[in-house]
Number of protein chains: 2
Amino acid sequence: MLNAKKDIMNITTIIGLLAAFGTTVSFLPQAVKTIQTKNTSGISLAMYGLFTTGTLLWLIYGLMSGSLPVTIANAITFIFASIILIYKMIYK
Amino acid sequence: MLNAKKDIMNITTIIGLLAAFGTTVSFLPQAVKTIQTKNTSGISLAMYGLFTTGTLLWLIYGLMSGSLPVTIANAITFIFASIILIYKMIYK
């Protein structure tokens, strides 16, 4: 019974890590391009500020709820989103 | 003790719901605009396919782990991302 429960937990975590891979890896090429070119003209400051705040709150939620996939995905996304947000504020 | 644990759970869920609000609401204006204009020329099919698959896996992870914020956020995002992905495949 305990092992069965542990197996279900493992399957859930694996699905979560695959989910984290999918949304993080699909976000990175555009984020890296924006950081390299410093071209943030297509980005809305209000919407990107809200998005970056959201990823920080997801990171806190992941840590508080003990969710490894949510924590990893949002730690990475928050770092890149923060850099882009700072660029957006500097190079308006 | 039981109440204290319940309160921590509630605070975690509230932070998660605020996180869900931030990332979902910041995603929606661009998604709605893309659906209205059917202009998907700025979107990479491979990256958007990966993103949409990621949101579906997050939805499954949210349901399996019993996380209300992860489930709600990704149910909404998956619907809009799927519509955009279908448009991308139709209007290349």
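Calculation notes
- Residues numbered from 1 in each chain as written.
- Chains lettered and ligands numbered in written order.
- Predicted model: local features only at pLDDT ≥ 70, side-chain atom pairs only at ≥ 80, totals over all residues.
- Heavy atoms only, no water.
- Helix = DSSP H or I, 4+ residues; strand = E, 2+ residues; numbered from the N terminus.
- Buried < 20%, exposed > 50% of the residue type's maximum accessible area, 1.4 Å probe, protein only.
- Contact = heavy atoms within 4.5 Å.
- Areas by Shrake-Rupley, 256 points an atom, 1.4 Å probe, with all protein chains shown as cover.
- Least-squares fit on C-alpha atoms with pLDDT ≥ 70 in both.
- Buried area = accessible area lost by both parts, 1.4 Å probe.
- Salt bridge = Lys/Arg side-chain N within 4 Å of Asp/Glu carboxyl O.
- Polar contact = N/O pair within 3.5 Å; in protein donor to acceptor, adjacent residues only side chain to side chain.
- Nonpolar A, V, L, I, M, F, W, Y, C, P; charged D, E, K, R; others polar.
- Phe/Tyr/Trp six-rings, centres within 6.5 Å; stacked < 30°, edge-to-face > 60°.
- UniProt positions renumbered as here; feature names shortened; annotations may be inferred.
- Core = buried A, V, L, I, M, F, W, Y, C linked by side-chain atoms within 4.5 Å.

A.B. asks: Give a description of the overall build of chain A that names residues and reports values.
C.D. replies: Along its length, chain A carries 3 helices and 0 strands. Beginning at the N terminus, the succession of helices and strands in chain A can be written as α-α-α. Buried residues in chain A amount to 41% of all 92 residues. Counting contacts in chain A only where the partners sit at least 6 residues apart, residues at least 24 apart contribute 75% of the total. Approximately 5300 Å² of chain A is accessible, and the part contributed by carbon and sulfur atoms is 73%.

A.B. asks: I'd like to hear about the relation of the copies chain A and chain B, residue by residue, with values.
C.D. replies: Between chain A and chain B, the superposition needs a rotation of 180 degrees and an axial shift of 0.0 Å, giving an RMSD of 0.0 Å. Accordingly, the operation relating the two chain copies is best matched by a two-fold axis. Judged by C-alpha distance, Val70(A) is the residue of chain A that lies nearest the rotation axis, at 4.4 Å. Of the interface residues in chain A, 100% have counterparts in chain B that sit at the interface too, so the contact is made through matching surfaces.

A.B. asks: So what about the interface of chain A and chain B? Which residues, and what values?
C.D. replies: Counting residues at the interface gives 28 residues for chain A and 28 residues for chain B. Summed over both sides, the interface of chain A with chain B buries roughly 2300 Å², with 83% coming from carbon and sulfur. Across the contact surface, chain A and chain B share 0 salt bridges. Seen at the junction of chain A and chain B, the total is 6 residue pairs in polar contact (both at pLDDT 80 or more). When contributions to the side of chain A that touches chain B are tallied by element, the ones reaching two or more residues are α1 (2–37), α2 (45–65) and α3 (68–90) of chain A. A per-element tally of the side of chain A that touches chain B places α1(A) first, with 13 residues. Its residues placed into classes, the side of chain A that touches chain B shows 18 nonpolar, 10 polar and no charged.

A.B. asks: Outline the packing of aromatic side chains, listing residues and values.
C.D. replies: All names here are of chain A. The full count for this structure, using the stated rule, is 8 aromatic pairs over all chains. Ring geometry for Tyr-48 and Phe-51: centres 5.6 Å apart, planes at 50 degrees, overall tilted. Of this pair, Tyr-48 and Phe-51 are both found in helix α2, 3 residues apart, which corresponds to roughly one turn of the helix. A relative accessible area of 13% means that Tyr-48 is categorised as buried. Here the aromatic rings of Trp-58 and Tyr-61 are separated by 5.7 Å at their centres, their planes lie at 75 degrees, and the arrangement is edge-to-face. Taken together, the positions of Trp-58 and Tyr-61, both in helix α2 and 3 residues apart, correspond to about one turn of that helix. For the pair Trp-58 and Tyr-61, one class covers both residues: buried. Through a chain of ring-to-ring contacts, the aromatic side chains of Phe-27, Tyr-48 and Phe-51 assemble into a single cluster.

A.B. asks: Report on the UniProt feature "transmembrane region" (unreviewed entry) in chain A, specifying residues and quantitative values.
C.D. replies: Residue and element names in this part refer to chain A. The UniProt feature table records "transmembrane region" (unreviewed entry) at residues 12–31, 43–61 and 67–87. Here residues 43–61 runs as 89% helix and 0% strand, with 26 Å between its end C-alpha atoms. The span residues 67–87 shows a helical share of 95% and a strand share of 0%, and its end C-alpha atoms are spaced 30 Å apart.

A.B. asks: Residues and numbers for the nonpolar core, please.
C.D. replies: Of all hydrophobic cores here, the largest spans 14 residues; its most connected members are Trp58(A), Tyr61(A), Val70(A), Trp58(B), Tyr61(B) and Val70(B). Where this core is concerned, the elements lending two or more residues are α1, α2 and α3 of chain A together with α1 (2–37), α2 (45–65) and α3 (68–90) of chain B. In this structure Val70(A) touches Trp58(A), Tyr61(A), Gly62(A), Trp58(B), Tyr61(B) and Val70(B), once residues within four positions along its chain are discounted.

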